[in-house]
Amino acid sequence: MLDITGFDLNAIDAAFIEDPYDTLAELRRNSPVHRNADGSVFLTRHDDCLATYRSRDMLSDKTEAFGKKFGECPLKVHHTTSLIFNDPPYHTVVRKLIAGAFTPRKLAVMERLIEGIVDRLLDHVEDLGELDLIADFGMMLPTEIISFMLGVPEEYRAKLRGYSVAILGALDPVVPPERMAAGNAAVEEFGAILSDLIDHRRANPDGAGEGEVLESLIFGEHDGRRLTQEELVQNCIFLLNAGHETTTSLVGNSIGLLLDHPDQHRRLLDKPELIKGMVEESLRMESPLQIGNRTAGEDIALPSGTVLPKGTYIHTSIAGANRDPEVFDQPDRFDIARSPNPQIAFITGIHVCLGATLARMEGRIALGRFVQRFPKLSQNGPRERLGLARFRGYTSLPIRVQ
Ligand code: HEM
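So, how was this worked out
Residues numbered from 1 in each chain as written. Predicted model: local features only at pLDDT ≥ 70, side-chain atom pairs only at ≥ 80, totals over all residues. Heavy atoms only, no water. Helix = DSSP H or I, 4+ residues; strand = E, 2+ residues; numbered from the N terminus. Rg over C-alpha atoms; globule rule 2.2 N^0.38 Å. Buried < 20%, exposed > 50% of the residue type's maximum accessible area, 1.4 Å probe, protein only. Contact = heavy atoms within 4.5 Å. Areas by Shrake-Rupley, 256 points an atom, 1.4 Å probe, with all protein chains shown as cover. Lys, Arg positive; Asp, Glu negative; His and termini not counted. Charge placed at Lys NZ, Arg CZ, Asp CG, Glu CD. Core = buried A, V, L, I, M, F, W, Y, C linked by side-chain atoms within 4.5 Å. Salt bridge = Lys/Arg side-chain N within 4 Å of Asp/Glu carboxyl O. 1 Å grid on protein atoms, 1.4 Å probe; cavity = no way out; pocket = protein on both sides within 12 Å on 5 of 7 lines; lining within 4 Å. Points joined across faces, edges and corners; volume = space filled by probe spheres on them. Axes fitted to C-alpha atoms, helices over the stretch in contact; angles between N-to-C directions. Parallel < 35°, antiparallel > 145°, perpendicular 65-115°, else oblique. Left-handed = near helix turned anticlockwise from the far one by under 90°. Nonpolar A, V, L, I, M, F, W, Y, C, P; charged D, E, K, R; others polar. Near = heavy atom within 4 Å. Polar contact = N/O pair within 3.5 Å; in protein donor to acceptor, adjacent residues only side chain to side chain. Phe/Tyr/Trp six-rings, centres within 6.5 Å; stacked < 30°, edge-to-face > 60°. Pairing = 2+ DSSP bridges. Expected span 1.5 Å × (residues − 1).

A.B. asks: Would you explain the overall build of the protein chain in this entry?
C.D. replies: A count of helical and extended segments in the protein chain gives 17 helices and 12 strands. Computed over the C-alpha atoms, the radius of gyration of the protein chain is 21 Å, within 12% of the 21 Å expected from 2.2 N^0.38 for a compact globule of 402 residues. Each principal axis of the C-alpha atoms in the protein chain carries an extent, and together these give about 55 × 55 × 40 Å. The buried share of the protein chain, taken over its 402 residues, is 57%. Considering only contacts in the protein chain between residues 6 or more positions apart, those separated by 24 or more positions represent 72%. Surface exposure of the protein chain reaches about 16600 Å², of which carbon and sulfur atoms provide 52%. Averaging the coordinates of the 44 positive side-chain charges in the protein chain and doing the same for the 58 negative ones gives two points 4 Å apart.

A.B. asks: What should I look at first to understand the nonpolar core in this one?
C.D. replies: Generally speaking, nonpolar side chains in soluble globular proteins are found buried as a group. One finds Ile114, Phe137, Met149, Leu217, Ile255, Phe370 and Ile399 to be the most contacted residues of the largest nonpolar core, which totals 95 residues. Among all residues touching phenylalanine 370, those that are not within four sequence positions of it are Leu122, Val125, Leu133, Phe137, Ile255, Leu377, Ile399 and Val401. Judged by nonpolar contacts, the second largest core, of 16 residues, contains Leu50, Met58, Leu302 and Ile318.

A.B. asks: Got a minute to help me understand the pattern of salt bridges in this structure?
C.D. replies: Oppositely charged side chains can pair when the atoms bearing their charge come close. Using the criterion set out here, one finds 25 salt bridges in the structure. Of the charged contacts, one joins aspartate 119 and arginine 369 as a salt bridge, the two residues approaching to 2.8 Å between their closest N and O atoms. Of the two residues, aspartate 119 sits in helix H7 (residues 104-128) while arginine 369 sits in helix H17 (residues 356-373), which places them 250 residues apart along the sequence. Exposure remark for aspartate 119: the relative accessible area of 31% places this residue in the partly exposed category. The partly exposed category is assigned to arginine 369, whose relative accessible area is 32%. Note that arginine 157 is salt-bridged to glutamate 144, the shortest N-O span being 3.4 Å. Taken together, the positions of arginine 157 in the loop between helix H9 (140-150) and helix H10 (160-169) and glutamate 144 in helix H9 put the pair 13 residues apart, joining distant regions of the chain. Because the salt bridges share partners, they merge into one network encompassing Glu115, Asp119 and Arg369.

A.B. asks: Help me out: how do you make sense of the layout of surface pockets in this one?
C.D. replies: Empty space left among the atoms is revealed by rolling a probe the size of a water molecule over them. Taken as a whole, the second largest pocket encloses approximately 240 Å³ of empty space. What lines the second largest pocket is a set of 17 residues, and nearest its centre among them are Asp19, Tyr21, Glu286, Arg323 and Arg392. Residue assignment for the lining of the second largest pocket shows that the elements contributing at least two residues are helix H2 (21-30) and helix H13 (229-260).

A.B. asks: Help me understand H10 in this model?
C.D. replies: Since the α-helix turns once every 3.6 residues, residues separated by three or four places project in the same direction. Counting buried positions along H10 yields eight of 10 residues, so the element is predominantly enclosed. Every buried residue belonging to H10 is among Leu160, Arg161, Tyr163, Ser164, Ala166, Ile167, Leu168 and Gly169, and all of these are buried. Structurally, H10 contributes buried residues whose contacts are with helix H5 (74-81), helix H8 (133-138), H9, helix H11 (177-203), H13 and strand E11 (394-396).

A.B. asks: Please explain the packing of H7 against H17 as it appears in this structure.
C.D. replies: Packed helix pairs are characterised by how far apart their axes lie and by the angle those axes make with each other. Their axes nearest at 10 Å, the elements H7 and H17 cross at an angle of 30°. Judged by the angle between their axes, H7 and H17 are roughly parallel. Viewed along their axes, H7 and H17 form a crossing whose handedness is right-handed. Note on element contacts: H17 touches H7 through Thr357, Leu358, Met361, Glu362, Arg364, Ile365, Ala366, Arg369, Phe370 and Arg373, opposite Leu107, Met110, Glu111, Ile114, Glu115, Val118, Asp119, Leu122, Asp123, Val125 and Glu126. Partitioning the contact of H7 with H17 into residue classes produces 11 nonpolar, one polar and nine charged.

A.B. asks: Can you help me understand the site of the ligand in this one?
C.D. replies: Taken together, 26 residues lie around the ligand, and His91, Arg95, Arg294, His351 and Cys353 are the ones closest in. For the ligand, a nitrogen atom lies 3.5 Å from a polar atom in the backbone of alanine 242. Histidine 351 places a polar side-chain atom, nitrogen or oxygen, 2.7 Å from an oxygen atom of the ligand. Those elements that place two or more of their residues in the shell around the ligand are helix H6 (90-99), H13 and H17. Per element, the largest residue contribution to the shell around the ligand is six residues, and it comes from H13. Class assignment for the residues of the shell around the ligand results in 18 nonpolar, six polar and two charged.

A.B. asks: I'm lost on the packing of aromatic side chains in this one. Help?
C.D. replies: For any two aromatic rings, the description comes down to two numbers: the centre-to-centre distance and the angle of the planes. Evaluated as defined, the whole model comprises seven aromatic pairs. Each ring, one from phenylalanine 137 and one from phenylalanine 370, has its centre 5.2 Å from the other, and the planes form 40°; the classification is tilted. Residue phenylalanine 137 is found in helix H8, and its partner phenylalanine 370 is found in helix H17; the two are separated by 233 residues along the sequence. As far as the burial class goes, phenylalanine 137 and phenylalanine 370 line up, both buried. Aromatic pair tyrosine 163 and phenylalanine 190: ring centres 5.2 Å apart, planes at 25°, arrangement stacked.

A.B. asks: Hey, could you run me through the sheet that holds strand E2 (residues 41-43) in this one?
C.D. replies: Strands pair in a sheet through their backbones, by hydrogen bonds, and they do so in one of two ways: parallel or antiparallel. Strand order in the open sheet formed by five strands is E1-E2-E8-E5-E3, and the pairing between neighbours is mixed. Where the open sheet ends on each side, the last strands, each with one partner, are strand E1 (33-35) and strand E3 (58-59).

A.B. asks: Quick question: what am I supposed to make of H11 here?
C.D. replies: Spanning 27 residues, H11 covers 39 Å between terminal C-alpha atoms, matching the ideal 39 Å at 1.5 Å per step. All of the buried residues along H11 are Met180, Gly183, Asn184, Ala186, Val187, Phe190, Gly191, Ile193, Leu194, Leu197, Ile198 and Arg201. For H11, the elements touching its buried residues are helix H4 (63-70), H5, H9, H10, helix H12 (214-219) and H13.

A.B. asks: Is there a simple way to think about the packing of H11 against H13 in this case?
C.D. replies: Contact pair H11 / H13: the axes reach a minimum separation of 9 Å and the direction vectors enclose 115°. Viewed along their axes, H11 and H13 form a crossing whose handedness is right-handed. Judged by residue contacts, Val187, Phe190, Gly191, Leu194, Ser195, Ile198, Asp199 and Arg202 of H11 engage Gln229, Leu232, Val233, Gln234, Cys236, Ile237 and Leu240 from H13. Tallied by class, residues from the contact of H11 with H13 come to nine nonpolar, four polar and two charged.

Rendered as structure tokens:
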């Protein structure tokens, strides 16, 4: 049995990052509201995480925490301005404006776009025969989609994943100085590019393509308020990060799971209509975003009975919640037809992922078409993990498709 008495989320090692699930299971059983040395708590039960996300008394503002973590630097400006790390009323304004990009009409445009991009990418995959699933397929699709939404021209697209990983990497509980420096450089560089794009769109409002979100963010108003240039830049950087790394990981993690579970791969080949269930099960088994954070704005009683005093800093283990045996029968089993599957990879509550419908659509189209077109899929070399605790995915997954 694993000894979790000395476990501290702020001092996790490479072994936990490689495979956190046994430790999470032990925490869920014996220390579901686990206290870290800095006084914060780590929640691993589904009902505690759900209650945390649903509570109106839980705050997402991180000005104080990020002030301590980053000091005054571009990373602090970025993360404290993103809607994800803010509370109403600022959060409400930005969310309403960004939501304008995800209306059913815009999603229908997006669906056609995704189908076209996926088919083009799959032709390229077929030509390659042997490839890196992440570099040659997984990250290309979200890059194209987000670039389209933000109006990012072709010449910058190759850099987007580097920016995304550098900025998100700085959110890990333990951040070495070189990762911090890379994150700051990425915010500055991508921020400058976006600032120019915003100025250009402001001067040329009619040039926006159908489905572009930049235009609605610049000119949209909520309660008579428009976003400032800084708010625009930082929330566009956030959109890149929110929609990019997670979707790449959804694609990579799903193919990784199918390679590890040939019976489920066969099942999907035989019944293509199971693709939606496969996407949900992949999101549950290997949640691309594994850990969230909130601060208790009031004393909060958790379903498991513990009362968290006002001011407690909370880490929610989405990965732990998604393998809770109280909710999921045989939680470590990959079952693409699992039903019901109340996984919380997109969380719930006022910050529920705005891109969930888009992400599911990308996953369904990209993975569904990939699997059916290349039934002889096999692994072709060692996989490399992202190496982060908060985000779970691969940097490399070599495969052969014929
Ligand atoms: C598999 C892919 C994805 C996963 C697993 C995912 C997961 C999440 C999670 C867990 C949150 C809530 C974080 C928190 O408040 O603690 C979130 C928020 C968000 N996501 Fe996603 N996401 C994905 C894809 C996308 C895409 C494709 C977009 C848009 C292009 C997107 C846009 C957003 C936005 C705007 C928020 C902030 C919502 C708010 O704070 O009100 N996400 N996502």
